[in-house]
Amino acid sequence: MIHKPLATTAASALALAMTIGTTTAHADEPIRIGVLATLEGVFAASGQDGMRGFDMAVDRFDGEVAGREIQVYRASSDASPDSALSAARRLVENDEVDILIGPLSGSEGIAVKNYAHEQPQVTFLNGSSAAQETTLDNPAENFFRFSTEGVQWQAGLGTYVYEEKGYERVAILAEDYSFPYAQIMGFMTEFCDLGGTVAEKMFVPLETRDYSSVIARMPQDIDAIYTVMGGSDILNFLEQYQQMGGEAPLIGGSIAVDQTILSAEGPDRDYLIGTPTSGPLADDWDDPEFVAWQERYQEMFPDGLGSPGLFAHAYYVNTLAALTALEEVGGELGDGHEALRDALQNLELDTPTGVVQVDHNRQAIADIFITEVSSDGEGGLYNRVVGVVEGVNQTLGFPEEEFLANGFAARDNPPVEECQ
Amino acid sequence: MASVLDETPRTNDGTLARLVRSLRWYYVAMIAFLLIYPLITGGFWTVQIGAQTLILGTIALSLMLLAGYGGMVSLSQLTIAGLAGYMIAVFGGASGGLGLGWPPFVAIPMAIAVATLFATLVGVISVRTEGIYTIMITLAVGMAFYFFVLQNREIFNAFDGFAGLRPPLVLGINMREANNFYFFCLAIAGFGYCLVLYLSRAPFGLALQAVRDNPRRMRALGFNIQAHRVAAHALAGFLAALGGMLLVWMNGQISPGSVGIAPLISILIIAILGGIRHPVGPFIGALIFVLLDNFAMQLIGGDRFNTVIGLIFLVIVLFSPDGVLGLWKMFRNRLRRQPQDSVESRTE
């Protein structure tokens, strides 16, 4: 009698366990789509925006594709690969999703791609993760990325600052992890080819608060500082750099001068005017399709960001790709998703930021926007589009063998010595 | 714990015979259930729920040993587990040519040894403090370790950490296979459970509990209380290191996020939730934690799932300071009262 509860628990656990694994997909059943974003921790706001992008794509299809209802399963990570993996396992192995969309950040992406190798029956599409290795190093047959990655995001920036801004010698200051390495590679490839030189590469640990030693070491004979940092790091650096009398203009990485930085309090923001950067979208892009998408976002999410961010964009594009391809094949998921994957491979996807296709590694070829921080005349700052680089691929236009011969982006790759 | 002590006949015959006699039917049922569990469930339930519960339970068990028997609440148990995981990557090698690439039979014992040594050091530092100060000092150790691995590139590979970590082949058995991995975790967790249960009655464990209850008297009796506490830290560190080894193999990777403040506190939550009076507590706590962590989002959806997790924890701790174990005891006592009064005349 005393032990009854334990026995009942065991029995119900057994019963529960037995019901799992009895469901299989049929043509008239709903399509199960899992979405994984970071809804906990420091990137929670980004994860929410990613979810908004996902919801917009599902909404565009009115919640059904090829006559089959879309059943959405959500999961959250805290931006660590451990938690992303754990959430992906739940979606795939417990909720038995057909398609998984996510995750949000770079190292999570590599973890999920590795997991995709183990789960060939599921088709994975990226969320907004942007590590180079995800699709370039041991890519998974069933992992598609219709969004661009860190190296691609800086395409055109090196050319722009060399030719338009006239910067010939820069110092690089970056946070010490994989995303900045990739961005630096994208920047240096063009900048150094044109004849620009890099005086020094300086790395600071994430969440550095004191930049005095870095600023003291900053070379004097430079035209600009290329800063690949984000969040509080760039704000702290900027404040201390100004206090110590620094005057060199900045060039920004893709997350260095986003709207959160531009709207941060402080008298130093005007210093940022004229800072060029590049990335997968730009707030004031006046293409009608982009404007319509932006308005739809504002309409659907009155309490969202003023304009859809990088994360909403990436999740939207990837989800849109999945749904468009599903529609094309009439929701057919037989033969290990063969038809769906063919459709994805050959898709010419119309997105708010131009046509996107994937290459043989299932990595997006898409347009990149070059922007410059400008004043809106009312005290606010925004990123003004100054150029669009069309059809940027993962190897930045180089033949793949030549590009790969240089190795993956790393702390000391590309080496600074070859660019001095 | 008290009930286990009381129900065991105090005879002087061999340990094995005593063990067999103390086996109740629900132990047998539980063991049988744990053994057939992976055979009736799929990969997700085997690894993600089953193995993860056992792994987190083992790490929380090390905290239960310190807090329950020694009265020392340490927040750095996950740090020690994380160090063991990191050392497995550093000594044994990880993807991308990182690490030293030593063979597993050298790398794994070395990793466990380094983590145990570190736990001993933490013990040496923290045993002179009491109560909340122990918590503070071990929290400081945990945070220092987190920022160190985040910013140290030479050894710990900074933000990126190590990936591609897989259990080695042991005697030709593929530990990467879900069921084998589960049984391996079960073996380690079972070992830890029995060790801690044994300790509760071994001279060392009894001395440790006495130190917890009255350090001054123990000192007057000639016991070296600091040495007992440091030894408890070393032993708990060893258990945590075993858990850390399993954790890193389950996740296949380790990075600063694995040893950040959130997982650090999770271990404390697991131990408190389950109860720190008996070694089964941490495993119960881990099961609840893992289930909530995986399914809370389906219960409520949207952005508020963490609120649900928090509320459930709050309710359990509010109604029973001793965690689920305390609830169970309360429930049992209430059930027992009626039949006992009339039928049995048990003294408790």
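None of the values given here were measured: they were computed from a predicted structure. (Residues numbered from 1 in each chain as written. Chains lettered and ligands numbered in written order. Predicted model: local features only at pLDDT ≥ 70, side-chain atom pairs only at ≥ 80, totals over all residues. Heavy atoms only, no water.)

Visitor: I tried to follow the interface of chain A and chain B on my own but got confused; where do I start?
Guide: How big an interface is tends to be reported as the loss of accessible area on association of its parts. Contacts between the two partners involve 38 residues from chain A, matched on the other side by 36 residues from chain B. Summed over both partners, the interface of chain A with chain B comes to about 3400 Å²; 62% of that surface belongs to carbon and sulfur atoms. Counting the contacts that link chain A with chain B gives two salt bridges. Between A:Glu118 and B:Arg166 there is a salt bridge whose closest N-O contact spans 3.3 Å. Summed over the shared surface of chain A and chain B, the number is 13 residue pairs in polar contact (both at pLDDT 80 or more). Of all the secondary structure elements, the ones that give two or more residues to the side of chain A that touches chain B are helix H1 (4–19), strand E3 (68–77), helix H3 (81–94), helix H4 (106–118) and helix H8 (178–193) of chain A. At eight residues, H3(A) tops the list of elements feeding residues into the side of chain A that touches chain B. Residues belonging to the side of chain A that touches chain B are distributed by class as follows: 19 nonpolar, eight polar and eleven charged. (Contact = heavy atoms within 4.5 Å. Buried area = accessible area lost by both parts, 1.4 Å probe. Salt bridge = Lys/Arg side-chain N within 4 Å of Asp/Glu carboxyl O. Polar contact = N/O pair within 3.5 Å; in protein donor to acceptor, adjacent residues only side chain to side chain. Helix = DSSP H or I, 4+ residues; strand = E, 2+ residues; numbered from the N terminus. Nonpolar A, V, L, I, M, F, W, Y, C, P; charged D, E, K, R; others polar.)

Visitor: I'm lost on the domain arrangement of chain A in this one. Help?
Guide: All names here are of chain A. According to the domain assignment, chain A consists of domain 1 (10–148 + 286–365) and domain 2 (152–284 + 368–419). The interface is formed by 24 residues belonging to domain 1 together with 19 residues belonging to domain 2. Contact between domain 1 and domain 2 buries roughly 1900 Å² in total, counting both sides, with carbon and sulfur atoms accounting for 60%. Summed over the shared surface of domain 1 and domain 2, the result is zero salt bridges. (Domains from an automatic or database assignment.)

Visitor: Looking at this model, I keep getting lost on the sheet that holds strand E6 (residues 143–144) of chain A. Mind explaining?
Guide: Residues and elements named next belong to chain A. The sheet built from six strands is open, its strands ordered E2-E3-E1-E4-E5-E6 with mixed pairing. For this open sheet the edge positions go to strand E2 (64–65) and E6, each flanked by a neighbour on one side alone. Bridge count for strand E4 (residues 99–101) against strand E5 (residues 123–125) is three bridges, and the pairing is parallel. Bridge pairing in E5 places Ile 99 opposite Thr 123. (Pairing = 2+ DSSP bridges.)

Visitor: Explain helix H13 (residues 310–328) of chain A to me, please; I cannot follow it from the model alone.
Guide: Given 3.6 residues per turn, any residue in an α-helix points the same way as the ones three and four places further on. Residues and elements named next belong to chain A. Along its 19 residues, H13 runs 27 Å from first to last C-alpha, staying within 8% of the 27 Å computed at 1.5 Å per residue. Counting buried residues along H13, 15 of its 19 residues qualify, which places the element largely inside the surrounding structure. Within two residues after H13, Gly 330 carries a phi angle of roughly 65 degrees, on the positive side. (Expected span 1.5 Å × (residues − 1). Buried < 20%, exposed > 50% of the residue type's maximum accessible area, 1.4 Å probe, protein only.)

Visitor: Is there a simple way to think about the sheet that holds strand E7 (residues 169–175) of chain A in this case?
Guide: One key point about sheets: their strands pair by backbone hydrogen bonds, in either a parallel or an antiparallel sense. All names here are of chain A. The strand order across the open sheet formed by four strands is E8-E7-E9-E10, and the pairing between neighbours is parallel. The open sheet terminates on both sides in strands that have one partner only, identified here as strand E8 (197–204) and strand E10 (250–252). On average, each strand axis in the sheet is tilted by 20 degrees relative to the strand beside it, whichever way the strands run. Packing against the sheet, H8 makes contact with E7, E8, strand E9 (224–228) and E10, and its axis sits at approximately 170 degrees to E7. Lying over the sheet, helix H10 (residues 231–243) contacts E7, E9 and E10, oriented at roughly 155 degrees with respect to E9. (Axes fitted to C-alpha atoms, helices over the stretch in contact; angles between N-to-C directions.)

Visitor: Can you help me understand the environment of B:Phe184 in this one?
Guide: Residues and elements named next belong to chain B. Along the chain, Phe 184 turns up in helix H8 (residues 178–199). What makes Phe 184 partly exposed here is its relative accessible area of 22%. Separated by 43 residues in sequence, Phe 184 and Ala 227 place their C-alpha atoms 32 Å apart. If we ignore the near neighbours within four places in the chain, the residues touching Phe 184 are Met 175, Met 245, Leu 246 and Trp 249.

Visitor: Looking at this model, I keep getting lost on the nonpolar core. Mind explaining?
Guide: Burial of nonpolar side chains together is a common tendency in soluble globular proteins. With 174 residues, the main nonpolar core has A:Leu125, A:Phe146, A:Val170, A:Phe187, A:Ile251, A:Leu344 and B:Met245 as its most contacted residues. Of all the elements, helix H4 (residues 43–69) of chain B adds the most residues to this core, at 17 residues. Each of domain 1 (10–148 + 286–365) and domain 2 (152–284 + 368–419) of chain A accounts for three or more of the residues forming this core. The contacts of A:Leu344, once residues within four sequence positions are left out, are A:Thr123, A:Leu125, A:Phe144, A:Phe146, A:Ala321, A:Ala322, A:Ala325 and A:Val358. By size, the runner-up hydrophobic cluster in this structure holds 25 residues, among which are A:Met218, A:Ile222, A:Val373 and A:Leu381. (Core = buried A, V, L, I, M, F, W, Y, C linked by side-chain atoms within 4.5 Å.)

Visitor: Mind showing me how you'd approach the packing of aromatic side chains here?
Guide: Here the distance between the centres and the angle between the planes together describe a pair of aromatic rings. This structure, assessed with the given rule, holds 30 aromatic pairs over all chains. Aromatic pair A:Tyr211 and A:Phe237: ring centres 5.8 Å apart, planes at 75 degrees, arrangement edge-to-face. Here A:Tyr211, found in the loop between E8 and helix H9 (212–217), pairs with A:Phe237, found in helix H10; they are 26 residues apart in sequence, far enough to count as distant. In this structure, A:Tyr211 and A:Phe237 share a single accessibility class: buried. Taken together, a centroid distance of 6.0 Å and an interplanar angle of 75 degrees make the contact between B:Tyr86 and B:Phe162 edge-to-face. Linking B:Tyr86 in helix H5 (residues 77–92) with B:Phe162 in strand E1 (residues 162–163), this pair joins segments that are 76 residues apart in sequence. Of the residues examined, B:Tyr86 reaches a relative accessible area of 0% and is grouped as buried. If you follow A:Arg52 out to its NZ or CZ, it ends over the ring of A:Phe301, 6.0 Å from the centre. (Phe/Tyr/Trp six-rings, centres within 6.5 Å; stacked < 30°, edge-to-face > 60°. Lys NZ or Arg CZ within 6 Å of the ring centre and 35° of its normal.)

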